[in-house]
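# Structural description and commentary
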Amino acid sequence: MILKRQRNSHRFADEAERRAEPLPAASSSTRFGDVMSVLVGKKAPVFTTQAVLANGEIQGDFDFAKAIEGKYAVVFFYPLDFTFVCPSEILAMANRTEKLKELGCEVVGISVDSHWTHNAWRNTAVKDGGIGAVPFTLAADMSRTISQAYGIVSESEDDFYPNGVSMRATFVIDQEGFVRHQVVNDEPLGRNMDDVVRVVEAWQFFKENGQVCPAGWNKGDAGMTTSPEGVAEYLAEHGEKL
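Overview of the structure. Quantities reported herein were computed from a predicted structural model and do not represent experimental measurements.

## Topic: the pairing of strand E7 (residues 179-185)
Bridging between strand E6 (residues 168-173) and E7 involves 6 bridges; their strand directions are antiparallel. Each residue of the ladder has a partner; that of Phe171, found in E7, is Gln182. The hairpin formed by E6 and E7 contains 5 residues between the paired strands, and Gly177 there has a positive phi angle of roughly 90°.

## What to know about unusual backbone geometry
For Phe82, which is not a glycine, the phi torsion comes out positive at approximately 55°. Structurally, Phe82 can be placed in the loop between strand E3 (72-77) and helix H4 (85-94). The class for Phe82 is partly exposed, based on a relative accessible area of 44%. Although it is not a glycine, Arg144 sits at a positive phi angle of roughly 70°. Along the polypeptide, Arg144 turns up in the loop between strand E5 (137-140) and helix H7 (145-149). Take Arg144: its relative accessible area is 23%, and that puts it in the partly exposed class.

## Remarks on the side chain of Thr97
By the element assignment, Thr97 lies in helix H5 (residues 97-102). For Thr97, the side chain forms a polar contact with the main-chain oxygen of Met93, separated by 2.8 Å.

## Brief notes about the nonpolar core
With 26 residues, the main nonpolar core has Phe62, Phe64, Phe77, Ile110, Tyr150, Phe171 and Ile173 as its most contacted residues. Put simply, the parts of the chain that give this core at least two residues each are helix H3 (64-68), E3, strand E4 (105-111) and E6. In this structure, Phe64 is in contact with Pro45, Val46, Phe47, Val75, Val108, Tyr150 and Ile173, ignoring residues within four places of it in sequence. Within the second largest apolar cluster, 24 residues are counted, among which are Tyr72, Ile90, Met93 and Val107.

## As for the packing of aromatic side chains
Overall, the coordinates contain 10 aromatic pairs when judged by the stated rule. Ring centres of Phe77 and Tyr150 lie 5.2 Å apart, and the angle between their planes is 55°; on these two criteria the pair is classed as tilted. Here the residue Phe77 occupies a position in strand E3, and Tyr150 occupies one in the loop between H7 and E6, the gap between them amounting to 73 residues. The pair Phe77 / Tyr150 is uniform in exposure class, with both members buried. On the numbers, 4.9 Å between centres and 65° between planes, the contact of Tyr150 with Phe171 is edge-to-face. A residue pair is termed long-range when its members are at least 10 positions apart, and Tyr150 in the loop between H7 and E6 and Phe171 in strand E6 qualify at 21 residues.

## A look at the pattern of salt bridges
Taken as a whole, this structure holds 10 salt bridges when the rule is applied. A salt bridge links Arg96 to Asp194; the nearest nitrogen and oxygen atoms lie 2.6 Å apart. Within this pair, whereas Arg96 is found in the loop between H4 and H5, its partner Asp194 is found in helix H8 (residues 193-209), the two being separated by 98 residues in sequence. For Asp194, a relative accessible area of 44% gives the class partly exposed. In this structure, Lys99 and Glu201 form a salt bridge, with 3.7 Å as the shortest nitrogen-oxygen distance. Taken together, the residues span a long stretch of sequence, with Lys99 in helix H5 and Glu201 in helix H8 at a distance of 102 residues. Owing to a relative accessible area of 12%, Glu201 belongs among the buried residues under this scheme. In this structure, a network of salt bridges that share partners links the residues Glu89, Arg168, Glu187 and Arg191.

Conventions used here
- Residues numbered from 1 in each chain as written.
- Predicted model: local features only at pLDDT ≥ 70, side-chain atom pairs only at ≥ 80, totals over all residues.
- Heavy atoms only, no water.
- Pairing = 2+ DSSP bridges.
- Helix = DSSP H or I, 4+ residues; strand = E, 2+ residues; numbered from the N terminus.
- Buried < 20%, exposed > 50% of the residue type's maximum accessible area, 1.4 Å probe, protein only.
- Polar contact = N/O pair within 3.5 Å; in protein donor to acceptor, adjacent residues only side chain to side chain.
- Core = buried A, V, L, I, M, F, W, Y, C linked by side-chain atoms within 4.5 Å.
- Contact = heavy atoms within 4.5 Å.
- Phe/Tyr/Trp six-rings, centres within 6.5 Å; stacked < 30°, edge-to-face > 60°.
- Salt bridge = Lys/Arg side-chain N within 4 Å of Asp/Glu carboxyl O.

Written out as structure tokens, the structure reads:
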């Protein structure tokens with residue numbers, strides 16, 4: 001992705017002064033009609049759109065609800081095809097898709113590009129700046145309606161995105177269709193796709209064992225029982241390693 005051209009060397013020098021200013025009042029609407037929202041604990045928005053499937057098939061009516069029915073899902077938005085940080089994230093996700101599938105998880109990438117642009121990017125070799133035949137669906141959101149539903153259309157003058165693109169946002173959805181994890185980065189910051197796998201594993205651990213996952217939890221680590229005795233026991237054994 002290209003950073004906004006109007007950014008200059010004074011941007012960061014002004015940060016201290018800007019922090020001292022009063023926070024603006026919350027807005028009830030945005031340019032695209034939706035408020036940036038937290039979807040954790042809510043039903044994930046579903047949609048039907050054009051897409052390129054993992055097998056390369058171009059589909060005019062990809063049904064997200066049908067694709068994830070009874071499965072876990074990772075939905076990750078990115079700004080634009082044929083850019084810079086974006087292909088590194090997509091290839092990182094591609095390298096972890098097999099593991100996510102082992103966890104019963106469907107992966108869908110989304111940007112405001114068309115399905116034809118997605119297809120052209122898939123048909124461009126990695127050595128030439130493309131992404132190759134990635135093993136998950138790339139969905140088109142030319143109307144921005146999907147990105148609006150997830151609350152991640154860029155429209156602020158204070159971020160590094162061009163207006164109107166999808167932000168770098170990731171959502172983990174459970175088998176009942178509820179969002180259980182959400183993260184949004186500003187444009188220059190690529191995501192850690194290993195953490196997506198970790199979050200799916202953590203949620204599944206919680207569902208299977210009834211124990212919560214403390215800070216830094218990874219598969220194979222101990223969970224915590226949600227009681228005064230449980231937290232005391234956990235911290236006594238692991239507190240110094242946190």
